[in-house]
Amino acid sequence: MAVKRRKLGNPLALAVLATLWQKPMHPYEIAQTLRRQGKDSSTKINYGSLYTVVQSLEKHGLVEVTDVERQGNRPERTVYGLTDAGREELTEWLSDLMAVPVKEFPIFETALSVMGVLHPDDVVRLLQERLSTLEVQVASGRGALEKLYETLPRLFLVETEYQLHMLQAQTDWVRGFLEEIEKGTLPGVDGWRRYHETGELPAEFS
């Protein structure tokens, strides 16, 4: 099953649709709601582009103006709500994302794919630095999550749980990979080291 190509593929658009699913809102209220509900920890939110996203959603018929508010001397605020097409798009888009794994391209994977440019000792030093940071992030994340459990149902914290599990998985992998390099048990590590020390490219690398 392939993920359907969407009219708008911006994750912020998905977050806006899901926020308007709760009730009609003006863009400023959407931004405040996203921040209050902690969605900026799971979605890259550029609040400056939120108005543009709302306009794009309106252009594609996924949201519509439901009201125009005016309070005192404040500028008018346009309230937007989901259209039937918007509700359908939200449901289908979210269903695809939940069900179908897609290849993502984290920058750390890119760095790992070309790490041979660096000397193994430098890679060890850099990964040790990364590991220390990851361990701090896991510990603080676990503490923050336990605190959140005291006030929020787990249903509203699953993305934070997922982030923490991914951090822990990366931490475990980096620790194990470091051990392989340091003990010399990583296949190819001797040729990698020899190349940086002698300039001789191992046959298995060519």
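Keep in mind it's a predicted model, so treat the numbers as computed, not measured.

1. Quick look at the confidence of the model for the protein
Looking at the protein as a whole, the pLDDT averages 91, with 97% of positions reaching at least 70. Model confidence for the protein, summarised as mean pLDDT per element, is weakest for helix α2 (residues 27–36) at 91 and strongest for helix α7 (residues 158–183) at 97.

2. Some details on the layout of surface pockets
Volume-wise, the largest pocket comes out at about 2,400 Å³. For the largest pocket, the lining is made up of 48 residues, of which Leu-14, Ser-42, Thr-43, Leu-97 and Glu-159 are closest to its centre. Contributing elements (two or more residues each) for the lining of the largest pocket: α1 (11–22), α4 (84–99), α5 (107–113) and α7. No other element matches the nine residues that α7 contributes to the lining of the largest pocket. Of the residues in the lining of the largest pocket, the class split is 27 nonpolar, 11 polar and 10 charged. Around the second largest pocket, the lining residues are Phe-108, Ala-111, Leu-112, Met-115, Leu-118, Val-123, Leu-126, Leu-127 and Arg-130. The greatest single-element share of the lining of the second largest pocket, amounting to four residues, is contributed by helix α6 (residues 120–149). Its residues placed into classes, the lining of the second largest pocket shows eight nonpolar, no polar and one charged.

So, how was this worked out
- Residues numbered from 1 in each chain as written.
- Predicted model: local features only at pLDDT ≥ 70, side-chain atom pairs only at ≥ 80, totals over all residues.
- Heavy atoms only, no water.
- pLDDT = per-residue confidence, 0-100.
- Helix = DSSP H or I, 4+ residues; strand = E, 2+ residues; numbered from the N terminus.
- 1 Å grid on protein atoms, 1.4 Å probe; cavity = no way out; pocket = protein on both sides within 12 Å on 5 of 7 lines; lining within 4 Å.
- Points joined across faces, edges and corners; volume = space filled by probe spheres on them.
- Nonpolar A, V, L, I, M, F, W, Y, C, P; charged D, E, K, R; others polar.

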